Amino acid sequence: MNIKKFVLLITILAFITSCNSGDRGQLVGVKGKNWHPEKPYGMTLVPGGAFIMGKSDDDLAGINDAPTKTATVRAFYMDETEITNSEYRQFVHWVRDSIIRRKLAIIADDFALVPGDGGTGEFAFLDANPDEMNVYEKYMYDNYYSFSLDYDGRKVNKRVDLIFKTDEYPDEYYAEVMDSMYLPIEESYNGVRTWNVNQFKFRYTNMDIEAAAKNKNLKRSDFITQEDVEIYPDTTAWIRDFAYSYNEPMHNDYFRHDAYGDYPVVGVTWKQANAFCQWRTLYHNGFRKSKGKQPVNKYRLPSEAEWEYAARGGLQGATYPWGGPYAKNDRGCFMANFKPLRGDYAADQALYTVEAKSYDPNDFNLYNMAGNVSEWVHASYDPGSYEYSSTINPSVNDKNNNRKVVRGGSWKDVAYFLQVSTRDYEYADSARSYIGFRTVQDYMGTEITKNAATN
């Protein structure tokens, strides 16, 4: 077969294929990419299902804020452990480094420093070099960012590594920026200069979807709020929470030292926990976007119903995540980290917190759903909320109610607070040495249920 006949044959086949590849006028739907659920690292899938929510035994404390009701929740992923110091430090370092890069880019802009000079110019905004911009970025810059006086929207350069050793600073501009990130020299302690953590702020954006759904005549922007949240944990909580008590080593070392990297982060407020969730979503989806993948659902705090359902681990009517009714196993060992005896915090082999993967997990492979640290959930505390909340995915979070629910009990609590049905609260702007959190992510895909009816 000569070349001309071969080309003609290929052309005819392509024509026939193209004519038969259409929808033939039929409704076939929009074809998208195949979706394959991907379990996030460090999380476990909690299958949806129904459970008896609330106190299943006598309410010995007489609070009467958790009457039993049947509730159903959808499937979701949940962190196997509380968020650790190491994981939260990743958030803090990302925010810190982003602020440093932004400051370097601004000073490069102010002094007309450009890439290639071997100094601070290497950190110039990427739009300072039009060759680094795609068509959309050029459009946004020409129409929006070029009129901005506060540099919002301009892309910082993350391709160049930051320099933290003072003897390696490339020029005086770089030294000036880095110097501004630390506390003044006169505030140094023990010869160590400290980061000015008040500068570590994350811009948290929130949309009140419930209000938007009820007020369709208003613009979407009317329900979107932004707030700069200081995200560094309040390490002074170790001092303030316990009067006449020596806890200075925990204040000095617990968050920053690698010895406590796998321990749960504490000293974070409800707002800081929510800011972490939003950052984790942006961080994950930023990577997926760079690989041409579809975004995943946002990370968030669990609802109160989701938390209790997950803590029960599929056990109906149990007192604790391991069942109960006792806090010891058949060998006489305590099953969680709490205060088992009056004044004796160490009877369970732990004085303060323990590593996040300590003790046995429940049947959903979740660790420390009782004890270690109490956990923020996405709910406001109302003693009567069980009476009026929905029975499908119950969620009550009044933005005007600053009393936010914490669950699970902590290393300094008695056994009552470890019960899966016990409710407690703290104010949203409070940071405690015994409150941490873990995150969840909605499951997308074929519905998975734990207790579906079978024929």
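The rules behind these values
- Residues numbered from 1 in each chain as written.
- Predicted model: local features only at pLDDT ≥ 70, side-chain atom pairs only at ≥ 80, totals over all residues.
- Heavy atoms only, no water.
- 1 Å grid on protein atoms, 1.4 Å probe; cavity = no way out; pocket = protein on both sides within 12 Å on 5 of 7 lines; lining within 4 Å.
- Points joined across faces, edges and corners; volume = space filled by probe spheres on them.
- Helix = DSSP H or I, 4+ residues; strand = E, 2+ residues; numbered from the N terminus.
- Nonpolar A, V, L, I, M, F, W, Y, C, P; charged D, E, K, R; others polar.
- pLDDT = per-residue confidence, 0-100.
- Contact = heavy atoms within 4.5 Å.
- Polar contact = N/O pair within 3.5 Å; in protein donor to acceptor, adjacent residues only side chain to side chain.
- Salt bridge = Lys/Arg side-chain N within 4 Å of Asp/Glu carboxyl O.
- Buried < 20%, exposed > 50% of the residue type's maximum accessible area, 1.4 Å probe, protein only.
- Expected span 1.5 Å × (residues − 1).
- Pairing = 2+ DSSP bridges.
- Axes fitted to C-alpha atoms, helices over the stretch in contact; angles between N-to-C directions.

Chemist: Any details on empty space enclosed by the protein? Residues and values, ideally.
Modeler: In total, this model carries four cavities of 30 Å³ or more according to the counting rule given. Around the largest cavity sit Met53, Ser303, Glu304, Ala305, Ala379, Ser380, Ser385, Tyr386, Ser389, Pro394, Ser395 and Val396, which together line it. For the lining of the largest cavity, the secondary structure elements donating two or more residues are α9 (304-312), β8 (374-380) and α10 (385-388). For the lining of the largest cavity, the per-class residue count stands at six nonpolar, five polar and one charged. Looking at the second largest cavity, its volume works out to about 80 Å³. As for the second largest cavity, its lining consists of Trp35, Pro37, Glu38, Tyr77, Val296, Asn297, Gln441, Asp442, Tyr443 and Met444. A per-class count over the lining of the second largest cavity returns six nonpolar, two polar and two charged.

Chemist: Give a description of the confidence of the model for the protein chain that names residues and reports values.
Modeler: Of all residues in the protein chain, 88% have pLDDT values of 70 or greater, and the mean over the chain is 88. Every residue in residues 144-149 is under pLDDT 50, and counting partners more than four places away or in other chains gives seven contacts.

Chemist: Mind laying out the side chain of Ser358, listing which residues take part and the relevant values?
Modeler: Tracing the sequence through the fold places Ser358 in the loop between α9 and β8. Of the polar contacts made by the side chain of Ser358, one reaches the backbone oxygen of Glu355; its length is 2.6 Å. Setting aside chain neighbours within four positions, we find Ser358 in contact with Tyr367 and Asn368.

Chemist: Outline the pattern of salt bridges, listing residues and values.
Modeler: Counted according to the given criterion, the structure contains 22 salt bridges. Between Asp79 and Arg280 there is a salt bridge, and its shortest N-O distance comes to 3.1 Å. Placement of the pair is Asp79 in strand β4 (residues 76-79) and Arg280 in helix α8 (residues 270-290), with a sequence separation of 201 residues. With respect to burial, Asp79 and Arg280 carry one shared label: buried. Across the pair Arg154 and Asp109 runs a salt bridge, and its minimum N-O distance is 3.0 Å. You can see Arg154 sitting in the loop between α3 (135-143) and α4 (172-180) and its partner Asp109 sitting in helix α2 (residues 85-110), a full 45 residues away along the chain. Asp109 sits in the partly exposed class, given a relative accessible area of 34%. Salt bridges here are not isolated pairs; linked through shared partners, they connect Glu304, Glu308, Arg312, Arg407 and Arg423.

Chemist: Tell me about α8, and name the residues and values.
Modeler: Think of an α-helix as turning once every 3.6 residues; residues three or four places apart then point the same way. For α8, built from 21 residues, the straight-helix expectation of 30 Å at 1.5 Å per residue is met to within 8% by its first-to-last C-alpha distance of 31 Å. Of the residues one or two after α8, Gly292 is the one with positive phi, at around 75°.

Chemist: How would you explain the sheet that holds strand β7 (residues 299-300) if you had to name every residue and give the values?
Modeler: Pairing in this open sheet of four strands is antiparallel, and the strands run β1-β4-β12-β7 from one edge to the other. The sheet terminates laterally at β1 (43-46) and β7, the two strands that pair on one side only. Looking at chain direction, β1 and β4 are connected through four bridges and run antiparallel. Paired with Val46 across the bridge in β4 is Phe76. On the sheet, α9 packs against β1, β4, β7 and β12 (440-442) and is oriented at approximately 75° with respect to β4.

Chemist: Give me the environment of Pro47: which residues, what numbers.
Modeler: Position of Pro47 among the secondary structure elements: in the loop between β1 and β2 (49-53). Taking relative accessible area as the criterion, Pro47 reaches 12% and is therefore assigned buried. In this structure the C-alpha to C-alpha distance between Pro47 and Ile448, which are 401 residues apart in sequence, comes to 5.3 Å.

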